[in-house]
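Tertiary structure, described
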There are 2 protein chains.
Amino acid sequence: MTDTNLQLTSTITDDNKLELALREIEIPQPGENQVVIQMQACPLNPSDLGVMFGLADMTTAIQSGSADRPVIRAEVPAKFMSALKARVGKSLPVGNEGAGKVIATGSSAAAKSLMGKTVAVIGGGTYRKYLCADVRSCLEIAPGTSATEAASSFVNPLTALAMVETMRAEGHKAIVHAAAASNLGQMLNRICIADGIDLVNIVRKPEQETLLRDMGAKYIVNSSSDSFYADLTAALIATGATIAFDPIGGGKLASDILTCMEAAASRNMTEYSVYGTDVYKQVYIYGALDRGPINLNRSFGFAWGVNGFLLFNVLGKLGAQTNIAMRKRIAAEITTTFASHYTHEVSLAETLHLDNIAKYAKQATGEKFLIKL
Amino acid sequence: MTDTNLQLTSTITDDNKLELALREIEIPQPGENQVVIQMQACPLNPSDLGVMFGLADMTTAIQSGSADRPVIRAEVPAKFMSALKARVGKSLPVGNEGAGKVIATGSSAAAKSLMGKTVAVIGGGTYRKYLCADVRSCLEIAPGTSATEAASSFVNPLTALAMVETMRAEGHKAIVHAAAASNLGQMLNRICIADGIDLVNIVRKPEQETLLRDMGAKYIVNSSSDSFYADLTAALIATGATIAFDPIGGGKLASDILTCMEAAASRNMTEYSVYGTDVYKQVYIYGALDRGPINLNRSFGFAWGVNGFLLFNVLGKLGAQTNIAMRKRIAAEITTTFASHYTHEVSLAETLHLDNIAKYAKQATGEKFLIKL
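All values derive from a computational prediction rather than experimental measurement.

Backbone-to-backbone hydrogen bonds pair the strands of a sheet. The strands run either parallel or antiparallel. Taken together, the 12 strands give an open sheet; going across it, the order is 13(A)-12(A)-11(A)-14(A)-16(A)-18(A)-18(B)-16(B)-14(B)-11(B)-12(B)-13(B), and neighbouring strands pair in mixed fashion. The strands lining the two open edges of the sheet, one partner per strand, are strand 13 (219-222) of chain A together with strand 13 (219-222) of chain B. Averaged over all pairs of adjacent strands, the angle between strand axes in this sheet comes to 15°, irrespective of strand direction. Against the sheet, helix 4 (residues 155-169) of chain B engages strand 11 (174-178), strand 14 (243-246) and strand 16 (281-285) of chain B, with an angle of about 140° to strand 11 of chain B.

When the UniProt feature table is mapped to this numbering, "domain: Enoyl reductase (ER)" (unreviewed entry) covers residues 13-371 of chain A. Note that residues 13-371 of chain A is 30% helix and 29% strand, and that its end C-alpha atoms are spaced 26 Å apart.

All names here are of chain A. Considering the arrangement of structural elements, one finds Asn-5 in strand 1 (residues 5-13). A distance of 3.4 Å separates a polar atom in the side chain of Asn-5 from the backbone nitrogen of Lys-129. From its side chain, Asn-5 meets the backbone nitrogen of Tyr-130 in a polar contact 2.9 Å long. Among residues more than four places away in sequence, those in contact with Asn-5 are Arg-23, Glu-24, Ile-25, Glu-26, Ile-27, Pro-28, Arg-128, Lys-129 and Tyr-130.

Quick look at the interface of chain A and chain B now. At the interface, 42 residues of chain A touch 42 residues of chain B. Each partner contributes to the roughly 3,100 Å² buried at the junction of chain A and chain B, and carbon and sulfur atoms together form 60% of this total. A per-residue breakdown of the area chain A buries against chain B is headed by A:Tyr272, A:Arg298 and A:Phe302, which together make up 23% of the total. Linking chain A to chain B there are zero salt bridges. In this assembly, chain A and chain B are joined by nine residue pairs in polar contact (both at pLDDT 80 or more). By residue number, the principal contributor to the side of chain A that touches chain B is strand 17 (residues 290-296) of chain A, which donates six residues.

Rules and cut-offs
Residues numbered from 1 in each chain as written. Chains lettered and ligands numbered in written order. Predicted model: local features only at pLDDT ≥ 70, side-chain atom pairs only at ≥ 80, totals over all residues. Heavy atoms only, no water. Pairing = 2+ DSSP bridges. Helix = DSSP H or I, 4+ residues; strand = E, 2+ residues; numbered from the N terminus. Axes fitted to C-alpha atoms, helices over the stretch in contact; angles between N-to-C directions. Contact = heavy atoms within 4.5 Å. UniProt positions renumbered as here; feature names shortened; annotations may be inferred. Polar contact = N/O pair within 3.5 Å; in protein donor to acceptor, adjacent residues only side chain to side chain. Buried area = accessible area lost by both parts, 1.4 Å probe. Salt bridge = Lys/Arg side-chain N within 4 Å of Asp/Glu carboxyl O.

Dropping the structure here:
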């Protein structure tokens, strides 16, 4: 390995600047239970962009450096600096997952068994050429499956499965999903069809309705439609869904979902209660596509909850057995149930080209970038 | 019993009107395990006003009838009528609790044992002269305790105790309480002092700070102060409180509490996380003093929850043993820990006089009405 190792890093400086760059780092030596992976493909997930952009205003971004070693600088609004103080001056490695080929291993049997194999990996800093990872962070992929196919084996598949397991653990019988035409949403749709769970898909555009309908989705409602409340309430009555997952957060969608759930639950109430029904209604916020405030209008009684939903915390709650079962299912179904679809492929350097940043920073539903190394 | 029985009732009519009146009803006959209570004192709790006013605009209220049999009519804004449809045309009895003397009983030993006793009672419609109640809805009060002293034996005492038990059950170590100078807040303060639990009291006025400080409260912060965020964060660091109870709801107080909890939790963080700390932060909304939207600004990471908190649902979760222990403690400490303070006493008829309604509809902290029958 005489090659150079490169890592995409994100740094906030104390003069309110964000700097993105490819830094040369050591090629790592694996410890006993570790492997070195030559990374081949990594998705750009919304959760990666959070670390990468660090609340900077990307409309102010300028590009310098060379085409091979681009550097991006952007302004961080002063009001966000206190929230970022723990990372000022530190070069954070970017990238939460990806896949590649194991080119060196530690001395343990588990490490050695992965030599030469294609593995998916989860862990900080996958946007680099050579990554040293613990065996437990790796998922061995079936022969014949490419690194591109395996690149998104953790974040979206585990999140979608964790939603279903949370629904079961908390006693709900059907699910509502917002921004449902996303890669994650399509995955959740496939899981729910396979497992016989009713899923109410909320989308914003007619073409997203068509996309999901063509994938076999039964309940699709369009939040841009004049009949959204009536449509959503009808779907909630049909499915009995009382748990929702929303990656948007800002605005009043969570509130609208709770209101329609309450309308569905109270439709047969014969006794009036000032407190609303005793049907417990839950919305989990798992993203921040809209960073604005969440506005909850109080028209859904007192039996409700709105909670943050963060994959790593949720996996901890679900327990080891469920976690192992999830990983097995993902490995077995990575090209079917858990297949991801990418609309753009870029090199590591191209990831830091302004024209690409302008596209993936929008986080538009239906658009997804893959970094090919 | 040749007396007339009277019940304060609240009716919404389909022409968008609220009507409050005293209706003559039958003097009840007790069933086997029931008692008839001559009601003597009932508090006007915020939860009673919800049923009583039914979202009507009380600034439009007019009074008719006689001084002894007043009738109040007010307009219900058209936009609320769909939320009220289950109660249109029904005369709802008002009053969730009170105390009085048992004047007749059913044949069971438990019922007979209460004959002639002063009891507190929980159950719909206590604003009446004679109430028939199940023995299980009654709490026998120690000899020498008056009905006035026992009038508020359930709603506030059980709510305050349920907050402490919820804190314990969910693994928190200290409590934040908003609108903390209320009768309920004072009660919670006494429980926390007795049980050695740190309590952060949020108030809005200097005189409320003084009131609570004179009652031994250690942590008091004023949300009207310029240093509110710093004061609250300091109190959260000192106490480690990660659960809050808020009767206000509307506005951004819940959001501010979560933000300060996150600031307290992250003060020692050495590693930056775009997701915030993994310290779970909880706000329970147990009232609607401000009916406006709850605005959650997302500056507190992903480990958080905002949930409705309704006494009856919470008691169900806490289990029978805890419920029995709570009732015993209330009966033993009704004139000390669980003492209520009333600023106004009115007769049943005076409850429906406009000048009184104007006062108690404000739900001002520190003002509380007692109906003496």
